[in-house]
Amino acid sequence: MAVITDVGNIRDVHPRNKQAVGLRLALWALAKTYGQDDLVYSGPLYKSMAVEGSTIRIRFEHVGSGLTSRDNEPLTWFQIAGEDKQFVEATAVVDGGTVVVSSDSVGSPVAVRFGWHQNAEPNLANKEGLPASPFRTDSW
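Residues numbered from 1 in each chain as written. Predicted model: local features only at pLDDT ≥ 70, side-chain atom pairs only at ≥ 80, totals over all residues. Heavy atoms only, no water.

(A) Region of the structure containing the pattern of salt bridges. Taken as a whole and judged by the stated rule, the model has five salt bridges. Between Asp 95 and Arg 57 there is a salt bridge; the shortest N-O distance is 2.7 Å. Taken together, the residues span a long stretch of sequence, with Asp 95 in strand 6 (residues 91-95) and Arg 57 in strand 2 (residues 55-61) at a distance of 38 residues. Two residues, Arg 136 and Asp 138, come together in a salt bridge whose shortest N-O distance is 2.7 Å. Linked by salt bridges that have partners in common, Glu 52, Arg 57 and Asp 95 make up one network. (Salt bridge = Lys/Arg side-chain N within 4 Å of Asp/Glu carboxyl O. Helix = DSSP H or I, 4+ residues; strand = E, 2+ residues; numbered from the N terminus.)

(B) Structural detail: the sheet that holds strand 10 (residues 135-136). An order of 5-4-8-10 is seen for the four strands of this open sheet, with the pairing classed as antiparallel. Each end of this open sheet is capped by a strand with a single partner; those strands are strand 5 (88-89) and strand 10. Sheet topology places strand 4 (residues 78-81) next to strand 8 (residues 111-114); four bridges connect them, and they run antiparallel. Residue pairing across strands places Phe 78 opposite Phe 114, the latter belonging to strand 8. (Pairing = 2+ DSSP bridges.)

Below, the structure written as structure tokens:
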């Protein structure tokens with residue numbers, strides 16, 4: 001799987017930046033087919049979540065040398081929901097190898113979604129420049 005939320009074209013299913021897509025697929029092949037274990041071959045992939053009071057901490061696999069905002073802006077396309085299952089826009093902050101998600105309008109959160117829209121172009125990535133894959137923590 002090659003995540004291309006940062007190089008895609010929301011008006012056309014075919015991304016114009018084919019080199020980025022090819023490079024990401026090649027990294028997976030080098031790591032998984034050819035056994036090169038000295039490279040970062042994936043962007044962050046959702047691993048787990050933990051509710052911490054009024055926030056949810058998200059853990060990832062493939063953080064590489066750390067998580068970052070690829071455009072140096074606040075993290076985008078995070079949503080959070082409480083028991084009512086109504087998702088609202090959320091604030092998300094990198095904290096080491098995790099992301100802490102919250103919203104003033106959700107006091108007791110139970111779920112997070114990231115990049116969960118067909119037009120989403122989120123900015124969470126690892127420091128190697130590979131974007132995070134969209135995910136959801138709920139199964140509603």
